[in-house]
Amino acid sequence: MSSDANLWNDPQKAQKLMTEKTNLEDGLHHYQEMEKNWQESKDLAELADMENDEALLDDVEAQLTKLKEQTKRGELEALLSGEVDKNDTFLEIHSGSGGTEAQDWAEMLLRMYTRWAEAHKYKVEYIEEEEGDVAGLKSVTIKIIGHNAYGWLKSETGVHRLVRISPFDSGARRHTSFASVGVYPVIDDTINIEVNEADCRIDTYRASGAGGQHINKTDSAVRITHIPTGIVVQCQTQRSQFQNKEAAWNMLKARLYEIELKKREAKAEEMRENQGDNGWGYQIRSYVLQPYKLVKDLRTQVETSDTKAVLDGDIDLFLAASLAAKVG
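Overview of the structure. (Residues numbered from 1 in each chain as written. Predicted model: local features only at pLDDT ≥ 70, side-chain atom pairs only at ≥ 80, totals over all residues. Heavy atoms only, no water.)

**Concerning the nonpolar core**
Spelled out, the test is: Among buried residues, the Ala, Val, Leu, Ile, Met, Phe, Trp, Tyr and Cys ones that are joined through side-chain atoms within 4.5 Å form a nonpolar core. To sort residues, take the accessible area from a 1.4 Å probe on protein chains only and compare it with the maximum for the residue type: under 20% means buried, over 50% means exposed, and anything in between is partly exposed. Put simply, DSSP H or I for four residues or longer makes a helix, DSSP E for two residues or longer makes a strand, and each gets a number counted from the N terminus. In this analysis, two residues are considered to be in contact whenever any of their non-hydrogen atoms come within 4.5 Å of each other.
Ranked by internal contacts, the top residues of the largest apolar core, which has 57 residues, are Leu91, Ile93, Leu109, Tyr113 and Tyr287. It is helix 6 (residues 241-264) that contributes the most residues to this core, 10 residues altogether. Dropping the residues within four chain positions of it, tyrosine 113 is found in contact with Leu91, Ile93, Leu153, Glu156, His160, Val181 and Ile315.

Structure (C-alpha cells):
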C-alpha cells in the first residue's frame, strides 16, 4: 500500500491536510480578489482622470483605502507561523477585586471580544459562565472558532484596567476596575498532550446562578483540577456530563500545552499563574473613560481616543501592533 493510501487511512492526518488545503485555497482566493480589485480601481482611476470626474475619483480613493487595509492585514496574517497560531482558541475572562464594578467590567470585555469575533466571521461557543452577585460576570470561558483565531488573540493575555464613573455608585465617583484575560490554543489531535488522570481531581456539580441562555441547568457540570499545576477548568454548557467532561479535558490540555509553549518561548511571565493579584500586576492595556477618553496598550504604546469603537470590538490596531512587535 502506498504512503498516500496510508495517510488517507488516518482520519486525523487526513482532516489536518484537508484543513490546510482549505486554508491555502482561501488565501489564494483572497489574493486573487485583491489583485482583481486593484486592477479595477486602477482602470477606474484612469477613467475618472480622463473625464475629470471628481465623484468617481472619491469612490476610487475609498476603494484603495479599503484595499490597503486588507493588504496590511494579509501581510500580518502571513506572519502567523507559530505552531498553533492557526488554531481555534479558548478565551477566559476573570473579574478582579472590586465586586460588582470588576464583574461588570468582565462582561464588557466579553462583549468586546465576541463583537470582534463576529466582525471577523469567527464562531463563538460558550464553555463556562459564572454570573456576578449583582451584575456582570465573575468568570467566563468562550471558544472562538476560525482560522488564526489563536494567532490573532494570543497577545491579549494579561490584566485589563478600566477607569470610569461608576454606574453603581450613587455618588458618581470615579472607579478603577481590573479583569484578567487568558488566551489558550485549542489543541487538535495532531499534538499529543499527556495528562495523568491520577494527577487530577474531577468534580461534578449543578450549574449555579441564573445562568441565562448559555447555561444548561442540570447536574452535569464538570470541574477538573490539575493538582501539580493548580489549573482549574470547568464546563457546564453541554447537554451531558460526558460532553462537559470531554470539553473540560480539552481545555486542560490547551492550558498545559500553553505552559510548555511559553516556556519554550521564554515568556512564562505571560501565563495567568504568574500574573499575581488581578489588579496592579501585569497590566497590558488601560481603558480610560473618565476624565478623558483613551485606550492605550502599555506594551506597544498604541492608543486611540475612540473608546466606544474599541469596546464595540474594534481592537485590530492593538492586535496588529502586538503581532508586529513580536515579529520585529
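On we go.
**So, the pattern of salt bridges**
Stated precisely, the cut-off is as follows: A side-chain nitrogen of Lys or Arg and a carboxyl oxygen of Asp or Glu constitute a salt bridge if their distance falls within 4 Å.
The final tally for this structure, using the stated rule, is 13 salt bridges. For aspartate 312, the salt bridge goes to lysine 308, with nearest N and O atoms at 3.0 Å. Residues participating in the shared-partner salt-bridge network are Arg111, Arg115, Lys308 and Asp312.

**Brief notes about the pairing of strand 4 (residues 158-165)**
Note the following rule: Two strands pair under a simple rule: DSSP has to find at least two bridges between them.
Most of strand 4 is tucked away, with 7 of its 8 residues classed as buried. Pairing of strand 4 with strand 5 (residues 174-185) involves 8 bridges; the strand directions are antiparallel. Of the residues in strand 5, the one forming a bridge with arginine 161 is phenylalanine 178. Sheet topology note: the strand 4/strand 9 (residues 283-288) ladder contains 5 bridges and is parallel. Residue pairing across strands places valine 163 opposite valine 288, the latter belonging to strand 9.

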